[in-house]
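Working through the structure, step by step
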Amino acid sequence: MSADSLALVARKADRPRRRLRDGLGFGTLMLALALPLVPVAVWSISATWFFPDVVPTRFSTRSWEYVLSPDAKVIPAFLTSLTIALAVSVIAGLIGLSAGRALGLHSFRGKRIVYFLVLAPEIVPPLTVAMGNQVAFIKLGLADTILGVILVQLVPTIPYVTLVMSAVYSNYDLNYEDQARVLGASPLRAFFHVTLPAVFPGLVVAALFAFLIAWSEYIMTLLIGGGVVKTLPLLLFSFATSDLSIASALCLLCILPAIVILVLSSRYLSGGRANIGGFGRL
Amino acid sequence: MDALSSLGGNRPRLSPRARTWLLLSPALAVIVVLFLGGVFFGIIQSLNYLPLIGQYDLNLDAYAQMLADPAFGPSLILSVWIAFAATFLSAVLAIAASLFLRQTSVGRRLGTYLFQLNLAIPHIVGAVAMLLLLSQSGLISRLTHAVGLTPDTSSFPAIVNDRWGVAIIAEYVWKEVPFIGVVVLAALAGGTRDYEDLARTLGAGWRQRFRHVILPFIAPGVLSTSIIVFAFSFAAYEVPFLLGQPYPATLSVLAYLSYTNVDLNARSEAQAINVVIALIVIVLTVVYLRLSNRYVRTER
Amino acid sequence: MSVQVNLAELSKVYPKTETPSVDRVSLSIEAGSLFALLGPSGCGKTTTLKMIAGLLDPTAGEITFDGRSVVRIPPERRNAAMVFQKPLLFPHMTIGENVAFGLRMKHVERGVIRERVGKMLDLVRLPGVENRRPGELSGGQEQRVSLARALVTSPAVLLLDEPLSQLDANLRIEMRDLIRQIQAELGVTTIFVTHDQEEAVMLADRIALMLDGRLMQVDTPASFYERPSSIAVARFFGARNFIPGRVSGSRFQSSVAEFEVAHPAPPDGTILTIRQEAIALGPGPNAFTATVRRSMYLGTMLRVWVDTGGVEVEFTAAPGDQFPEGSEVTLRFPPEHVWVVPAAEPDA
């Protein structure tokens, strides 16, 4: 009997203690995730906030007024970022959809090589690629242009969409398309009416995260865009070393579309394997 | 004609192989031209082939230059240190957080949601946030001052722009724990519960269950995300530039500074550093793939 | 080594639900016996099994092994090994390593492990597969490995959660034989859960039938066919003839006939039941006439439905017999096969 007493686990008595531990754990986790953003938010509305004040001595909306004013460079930079990110996500989405189908459903000679080719841009740093391409882009007149920036940002995004779609397709039962064909649908219609809706959630997730990758990209835009193509990250970077209040406001502005996108796509994100292989770079 | 001809028309069908390559061609075009092209140009520029300034050599001078550069060694060590520390810490914390969150369905959902929210935040924003949080006049310092721990800014440890890249590592950890965490949560959601129950009825305690049931299940996800985290934190530019010292800088910052040097000759050294960065990352990826093939058998 | 298992007023209520999943179940399972928890899905049998294993905490009640309470002991220390519906072989280990798992957890010496694993694999008729991997075996073989893995730890109780439900019909028969044989040989107290009453009857020494979380009847297999305690039990075991009426002395009055009842009828009994196979043809005690409605040929037998006194009765006949629709036929209910049960289930 004594051995059992030693082995006793007082489970029912543990319940309130366990709930406290759970609560503390949650609290810590949420604090850790949210804390770094707190000074950013506060800085964006502070006028004077020197050490050792925990709270600003004077608040002001100066930074936000600057950010939103039509004269400043912020709104154009925002729009430039938006344009580039949208273009990249659409193009990478389409190209990745097509390549993902081949990789996910077909078996062919050279598949391993193709797989490595698709994987490589996810591993090799964007710095290397951009630096290597810069001279060529200059020669081709693509440097300092939005088109050039879009093109170079396809390098990290296309492989990502391809890999995600490849996983989605390999879970897809091709019999559905065959079924549509014997009911009279042409290959194209079978794809549009049957396959596309089935792989659409994965495509949405992949494209949205391609958007985020392009939206956050800095070094590629700097090297290829030459400082002429001004995106939000570039602007943020320059203010980060001069005016922290404006930089903070820009940070929040930078986060905004991303949060919106995530909220919208959370429906597609839940369930199944998390196909988020490229986010280390976000 | 028979009924079959009404299906799909009478156009000549593409062979399956042709169809495959057709589907792959846009992606391959971009990858071959822009990616391989960029890498190729980087390599030959590192070999001193710079037509822009009329140099048509092919030699290893730039590499020699790079190795002789007193900044190279410390930069390499710093980059490796930051990458390993960030990756290790992120993986461990992500596993711990995920194991904690998965116990309740509320935790799972909330945790996944918060993790995903964090994923949407660009690293640049994270860098600014860490700057405002961790610098000697940052929010944490002010809080410790308010409770009387640090009488002034210099008594708060210098972890931004410091030798060890603490703030840099902190930013990476803050961003990558959710990244690895989402994958771990997904792997755990896939039903380790039954295996754990089974192991319990066979006498396995908590540590044994973790080692024999949970770890093998999450290992593939952790390994694949860790390699991505390592590759990123080794070669990133924005975060070390904002949060690090100019000397020693990480390899990527060193490369960029060399590249934008007024002296165009420094370009080839910059490309040499680039090549080194890419090589290190590729070698480690190959090592990971070998390791995972040997160790991981559960993947479909 | 094997223990007697006792459940006393065991209950499990999930928060936010009104009805208990397991409602005051009390059972006594003899050491070394093969016991079945039978019932339709959702009746609480798996929940009960998991409470015995320690994977779920009871809301109320007691579980004892040989008289010692185990409710506060975590599963890894209860020595109650469990086999699940799916084999759940650890994918990253070989078959041998899988079977050895429980022994490794107890830090048994490696040579001893090897020997015991080999013997156990022989016992489940899978000799020599130690070095194979889970993906290489068939479902039935994997389930046998799972069984070996549980047994090699010499558990005090062996728990089986619908172990055969994922196997096809032929494999199921093989596995049933194997389980019965091994259980007899090792003499370990075995409790298994199933929804298939044929399986329970074939394997178990005693059966506990559960419906909606409540224990309906605990008895030998034969008793469920011959002496169901309520309509629900009878129905679960495939009885389909239920004739309403009332008890009057030693007879049962109904619109069909006044029946002589051989077994003592409960005073609140208002339903007469008799199995389809027990109904005989021709005159005799408890005979009555009926009109044939339809018949169905089933290869090995003929199923016939008749109308009488406003009630439908079903009986089985030899496959060659003819029962044309609309014809009159005389049936009788042999008094020893007739049972009177209450209309509602008995309250606990």
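Note on numbering: residues in each chain are counted from 1, in written sequence order. Note on labels: chains are lettered from A, ligands numbered from 1, in written order. Residue-level local features of this predicted model are given only where pLDDT is at least 70; pairs of side-chain atoms are given and counted only at 80 or more, and the full residue set underlies all totals for whole chains, interfaces and linings.

Okay, the overall build of chain B next. Helical segments are the DSSP runs of H or I of at least four residues, strand segments are the runs of E of at least two, and each set is numbered from the N terminus. When its secondary structure is counted, chain B shows 12 helices and 2 strands. Put simply, chain B runs from its N terminus to its C terminus through helices and strands in the order α-β-β-α-α-α-α-α-α-α-α-α-α-α. Computed over C-alpha atoms, the radius of gyration of chain B comes to 25 Å, more than 25% over the 19 Å expected from 2.2 N^0.38 for 300 residues, which places it beyond the range of a compact globule. Taken along its principal axes, the extent of the C-alpha atoms in chain B is 80 × 65 × 35 Å. Comment: burial labels come from other C-beta atoms within 10 Å of the residue's own C-beta, placed from the backbone, where a count of 20 or more is buried, 12 or fewer is exposed, and between is partly exposed. Here chain B holds 300 residues, and the buried ones make up 50% of them. Our radius of gyration looks at C-alpha atoms and nothing else; its globule reference is 2.2 Å times the residue count to the power 0.38.

In this complex, chain B contributes 15 residues to the contact, which on the side of chain C involves 18 residues. Elements with a minimum of two residues in the side of chain B that touches chain C: α8 (193-201) and α9 (206-235) of chain B. With 6 residues, the top contributor of residues to the side of chain B that touches chain C is α8 of chain B. Here the residues of the side of chain B that touches chain C are counted per class, giving 5 nonpolar, 6 polar and 4 charged. We call two residues in contact if the C-beta atoms placed from their backbones are at most 7 Å apart. Polar here means any residue outside two lists: the nonpolar Ala, Val, Leu, Ile, Met, Phe, Trp, Tyr, Cys and Pro, and the charged Asp, Glu, Lys and Arg; Gly therefore counts as polar.

Next up on the list: the environment of S75 of chain B. All names here are of chain B. One can find S75 in helix α3 (residues 72-101). Sequence separation of S75 and A187 is 112 residues, and the distance between their C-alpha atoms is 36 Å. The residues contacting S75, other than those within four sequence positions of it, are P248, A249, T250, L251 and L254.

Right, let's get into unusual backbone geometry. Note that the residue after Y247 of chain B, namely P248 of chain B, is joined by a cis bond; omega there is -5°. Mapping P248 of chain B onto the fold places it in the loop between α10 (238-243) and α11 (251-259). Despite not being glycine, H107 of chain C shows a phi value in the positive range, around 60°. Under the C-beta neighbour-count criterion, H107 of chain C is labelled exposed, with 8 such atoms within 10 Å. Of note, S154 of chain C is a non-glycine position whose phi angle comes to about 45°, a positive value. As for its placement among the helices and strands, S154 of chain C is situated in the loop between α4 (139-151) and β7 (157-161).

Now for the domain arrangement of chain C. All names here are of chain C. For each domain, the first and last residues come from an automatic or database assignment. Entries for chain C in the domain assignment read domain 1 (5-226) and domain 2 (231-342). Its C-alpha centre places domain 1 at a distance of 38 Å from the equivalent point of domain 2. Contact residues are listed per partner, giving 7 residues for domain 1 and 5 residues for domain 2. Sorting the residues of the side of domain 1 that touches domain 2 by element identifies β9 (206-211), β10 (214-219) and α7 (221-226) as the ones contributing at least two each. Partitioning the side of domain 1 that touches domain 2 into residue classes produces 5 nonpolar, 2 polar and no charged.

Here we take up the pairing of β10 of chain C. Residues and elements named next belong to chain C. The buried count for β10 comes to 5 of 6 residues, which makes it a mostly enclosed element. For β9 and β10, the ladder comprises 5 bridges, and the chain directions are antiparallel. The residue bridging M210 from the neighbouring strand is L215, located in β10. The hairpin turn running from β9 into β10, its antiparallel successor, is 2 residues long, and D212 in that turn takes a positive phi close to 50°. A pair of strands is considered paired only if DSSP assigns at least 2 bridges between the two.

Let us now look at helix α6 (residues 139-146) of chain B. Listing the buried residues of α6 of chain B in full gives L139, S141, R142 and H145 of chain B. For α6 of chain B, the angular spread of buried residues about the axis comes to 160°, placing them on one side. The inward-facing, buried residues of α6 of chain B abut α3 (37-44) of chain A together with α5 (123-134) of chain B. Count one or two residues on from α6 of chain B and you reach G148 of chain B, which has phi positive near 90°. Throughout, the arc means the angular range of directions from the helix axis out to the C-beta atoms.

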